[in-house]
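# A structural walkthrough
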Amino acid sequence: MTYSYTQISQYLGCPRRYRHRYLDGWQEKDTRAAMLFGRAFEQAVAALFRREDPAVVLYEQWSMSKEMDLRYSGNDTWDRMLQQGVQLLERFVQDSRVRILRPRSNQQVQFTRRLGSGNNFVSYVDAIGELDGTPCVLEWKTSSARYPEEPAGIAALDPQLVCYSWMSGINEVAQVVFVRKRMVEVQYLRATISEEQRLEFVTLVEDTVRRIESGLFLPHSGTRFPQNPCTTCSFVGLCLDQSDLVETALVRKPGVDLGLFDELAF
């Protein structure tokens, strides 16, 4: 078996959702505009470092979704998101804080590790490069709101960054957050991951894999105020046995989906 960070986080969030997604073959329909835009934007960023025109790549990739019946948040529209994307690319170029040597081999880098159980664990890192001259793992994020910056070093608690540090063996990690708002902004959040954090993450992964392979998929209900994850979960129709909700949000694909490419943007 091969596992990924997304699989582990899905199981920890709700084991029953993991079963629906990875074993029963149910998948969310690609109707969220923010998700599809994020994929298109990451391809534009990759093109920038390959010395291609990122605005053209963004337009081409985002155009594939123009005629789709997408769910937009707030005041978002297809045109508005495209405009924000171009502005973010311009700001990113003006900042000139990130460098990626050999961009064709140092973007979407695959790392694989063997777990103690004999299973494999795979990750796709957005890029290996430099932020302000410091070598680090780079993760691209698009968001409609700023990420928290206080207290200092808060990014070091992000489990996905810990995962990438463990997989790559690189202590320094950074999130580059492209914030879509009225005045666009690019955040550069750096962190240093300790060896203790990496060892704790390995223990968490091994423990979670044991529970998955033992067939424990108990529901983890989240309907208590104020955090109600079940109300926004695309798989809630399956748990409530309501076919109309299932048809709206999900599509079933044949075969077992191991989620090997969940983290691969393109």
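To be clear, the structure that these remarks concern was listed above.
Heads up: these notes are all about the structure in this document. (Residues numbered from 1 in each chain as written. Predicted model: local features only at pLDDT ≥ 70, side-chain atom pairs only at ≥ 80, totals over all residues. Heavy atoms only, no water.)

## So, the nonpolar core
Ranked by internal contacts, the top residues of the largest apolar core, which has 32 residues, are Y18, F121, C163, F201 and V205. Looking at this core, the elements that each hand over two or more residues are helix 1 (5-13), helix 2 (15-23), strand 4 (107-114), strand 5 (120-131), helix 6 (159-168), strand 7 (172-179), strand 8 (185-192) and helix 7 (195-213). Element by element, the count of residues in this core is highest for helix 6, at six residues. (Core = buried A, V, L, I, M, F, W, Y, C linked by side-chain atoms within 4.5 Å. Buried < 20%, exposed > 50% of the residue type's maximum accessible area, 1.4 Å probe, protein only. Helix = DSSP H or I, 4+ residues; strand = E, 2+ residues; numbered from the N terminus.)

## Observations regarding the pattern of salt bridges
The tally for this structure, following the rule as stated, stands at 15 salt bridges. Of the charged contacts, one joins R180 and D76 as a salt bridge, the two residues approaching to 3.2 Å between their closest N and O atoms. Separated by 104 residues along the polypeptide, R180 in the loop between strand 7 and strand 8 and D76 in the loop between helix 4 (54-63) and helix 5 (78-95) bring together distant segments of the chain. Judged by its relative accessible area of 15%, D76 falls in the buried class. A salt bridge links D207 to R211; the nearest nitrogen and oxygen atoms lie 3.2 Å apart. Separated by four residues within a single helix, D207 and R211 lie in helix 7, roughly one turn from each other. Under the relative-accessibility criterion, D207 is labelled partly exposed at 30%. (Salt bridge = Lys/Arg side-chain N within 4 Å of Asp/Glu carboxyl O.)

## Describing the pairing of strand 6 (residues 134-143)
With five bridges connecting them, strand 5 and strand 6 associate as antiparallel partners. Pairing of I128 across the sheet is with V137, part of strand 6. The turn joining strand 5 and strand 6, which pair antiparallel and follow one another in sequence, is formed by two residues; a positive phi near 55 degrees is taken by D132. In terms of strand pairing, strand 6 meets strand 7 through seven bridges, oriented parallel. Pairing of L138 across the sheet is with A174, part of strand 7. (Pairing = 2+ DSSP bridges.)

Any functional reading would require information that these geometric values do not contain.
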